[in-house]
Amino acid sequence: MATVCLSNPKSFLPSLHSSSLSNLTVQKISVKRQLIVCKAENNVPSFNSLIISKRSLSISIASSLLLSLTGNGLFQANAAILEADEDDELMEKVKKDRKKRLERQGIINSSTKEKGYLQDLVYKLSIVGQAIENNDLSAASSVLGQSTDADWVQKVNSAFNKFSGSDEEKTEIDSFNSSLFSLVSSVTKNDIEGTKTAFLASASAFEKWTTLTGLVEELKGL
């Protein structure tokens, strides 16, 4: 708070009518000294103000440090919780995948007859592919037959259903059967280009299906 030193500045003015030059000089010096002292007192902060300022600064620094440490602690705790949850989810997924693989492998190992049907399909596709490459559609027809209702086609589809579980696998089965129908139809019509296209589509769908089911390692000639 500023100190009021000159309540009435006019009282310090000399009386020009009655004072001598020396008295005027003395009064001027006195006024200057008082002004200097007052200015110095107003500009110097009080001891109590310094103590309060230091205390406030310490509290501010301590509070900031505490909030920083608390924030970091909460962040690390939340990160640890999320990481633990992710680890649990990953482990659970690994367990489920392993269980599915074991179940699938058990079905494959115990389904000798169905694997035989699929192995026969591999041989048929190999012969048909070679016949089409040689433009010998009569040889291809003798292997495929005249209809997709043939006995070997029914056996292949029973094997497909035995080993398929996912929608993706069933989609590949549908693609194979559709392409096989086009293949038999093209061979019957003696359509070389249509036969080649249908054969490639059939072979591709079958290969994808064996990869999805894990049978690609069980069948020879793939």
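None of these values were measured; they are calculated from a predicted model.

Secondary structure assignment for the protein chain yields seven helices and zero strands. If you list the helices and strands of the protein chain from N to C, you get α-α-α-α-α-α-α. Contacts in the protein chain between residues far apart in sequence, at least 24 positions, make up 70% of those at least 6 positions apart.

Mean pLDDT for the protein chain: 76, with 62% of residues reaching 70 or above. Segment residues 28-33 is flagged for pLDDT under 50; beyond a separation of four residues in sequence, or across chains, it makes one contact in the model. Across residues 35-45, where pLDDT falls below 50, the model places seven contacts with residues more than four positions away in sequence or in other chains.

A few words on helix H3 (residues 112-133). The end-to-end C-alpha distance of H3, which contains 22 residues, comes to 32 Å, matching closely the 32 Å that a straight helix rising 1.5 Å per residue would cover. Taken together, the buried positions of H3 are Glu114, Lys115, Leu118, Gln119, Leu121, Val122, Lys124, Leu125, Val128, Gly129, Ala131 and Ile132.

Turning to the pattern of salt bridges, a few remarks are in order. A complete count under the given rule lists two salt bridges for this structure. Two residues, Lys155 and Asp151, come together in a salt bridge whose shortest N-O distance is 3.2 Å. Highlighted residues: Lys155 and Asp151, both in helix H5 (residues 151-163), separated by four residues, approximately one helical turn.

Residues Glu86, Asp87, Asp88, Glu89 and Glu92 make up a contiguous surface patch of negative charge. One can find Glu92 in helix H2 (residues 47-110).

Another aspect to go through is the side chain of Ser111. With respect to the secondary-structure elements, Ser111 resides in the loop between H2 and H3. By relative accessible area, Ser111 is classed as buried at 1%. A distance of 2.6 Å separates a polar atom in the side chain of Ser111 from the backbone oxygen of Ile107. Excluding anything up to four places from it in sequence, Ser111 contacts Lys162 and Phe163.

Phi is positive for Asn135, which is not a glycine, with a value near 60°. One can find Asn135 in the loop between H3 and helix H4 (137-144). For Asn190, which is not glycine, the phi torsion reads 60° and is therefore positive. Counting through the fold element by element, Asn190 comes out in the loop between helix H6 (167-188) and helix H7 (192-213).

Grouped together as the largest cluster of nonpolar side chains are 31 residues, with contacts concentrated most on Leu118, Phe160, Phe176, Leu183 and Phe206. At the level of secondary structure, the elements contributing two or more residues to this core comprise H3, H4, H5, H6 and H7. Not counting chain neighbours up to four residues away, the residues in contact with Leu183 comprise Val128, Ile132, Leu144, Thr195, Ala198 and Phe199.

A separate point is the environment of Thr148. Inspection of the secondary structure puts Thr148 in the loop between H4 and H5. Linking Thr148 and Val184, residues 36 residues apart in sequence, is a C-alpha distance of 7.2 Å. Apart from residues lying up to four places away in sequence, Thr148 is in contact with Val153, Gln154, Leu180, Phe181 and Val184.

Counted according to the given criterion, the structure contains five aromatic pairs. When the centroid spacing of 6.3 Å and the interplanar angle of 50° are considered together, the rings of Phe160 and Phe206 count as tilted. In this pair, Phe160 sits in helix H5 while Phe206 sits in helix H7, placing the two residues 46 residues apart along the sequence. Relative accessible area serves as the criterion here: at 2%, Phe206 is assigned to the buried category. Between Phe176 and Phe206, the ring centres sit 6.1 Å apart and the planes meet at 50°, which makes this aromatic pair tilted. Taken together, the positions of Phe176 in helix H6 and Phe206 in helix H7 put the pair 30 residues apart, joining distant regions of the chain. Phe176 sits in the buried class, given a relative accessible area of 2%. Members of the aromatic cluster, each reached through a chain of ring pairs, are Phe160, Phe176, Phe206 and Trp209.

About the criteria used
- Residues numbered from 1 in each chain as written.
- Predicted model: local features only at pLDDT ≥ 70, side-chain atom pairs only at ≥ 80, totals over all residues.
- Heavy atoms only, no water.
- Helix = DSSP H or I, 4+ residues; strand = E, 2+ residues; numbered from the N terminus.
- Contact = heavy atoms within 4.5 Å.
- pLDDT = per-residue confidence, 0-100.
- Expected span 1.5 Å × (residues − 1).
- Buried < 20%, exposed > 50% of the residue type's maximum accessible area, 1.4 Å probe, protein only.
- Salt bridge = Lys/Arg side-chain N within 4 Å of Asp/Glu carboxyl O.
- Patch = residues over 30% accessible without salt bridge, like charges linked within 9 Å, V, L, I, M, F, W, Y side chains within 5 Å.
- Areas by Shrake-Rupley, 256 points an atom, 1.4 Å probe, with all protein chains shown as cover.
- Lys, Arg positive; Asp, Glu negative; His and termini not counted.
- Charge placed at Lys NZ, Arg CZ, Asp CG, Glu CD.
- Polar contact = N/O pair within 3.5 Å; in protein donor to acceptor, adjacent residues only side chain to side chain.
- Core = buried A, V, L, I, M, F, W, Y, C linked by side-chain atoms within 4.5 Å.
- Phe/Tyr/Trp six-rings, centres within 6.5 Å; stacked < 30°, edge-to-face > 60°.

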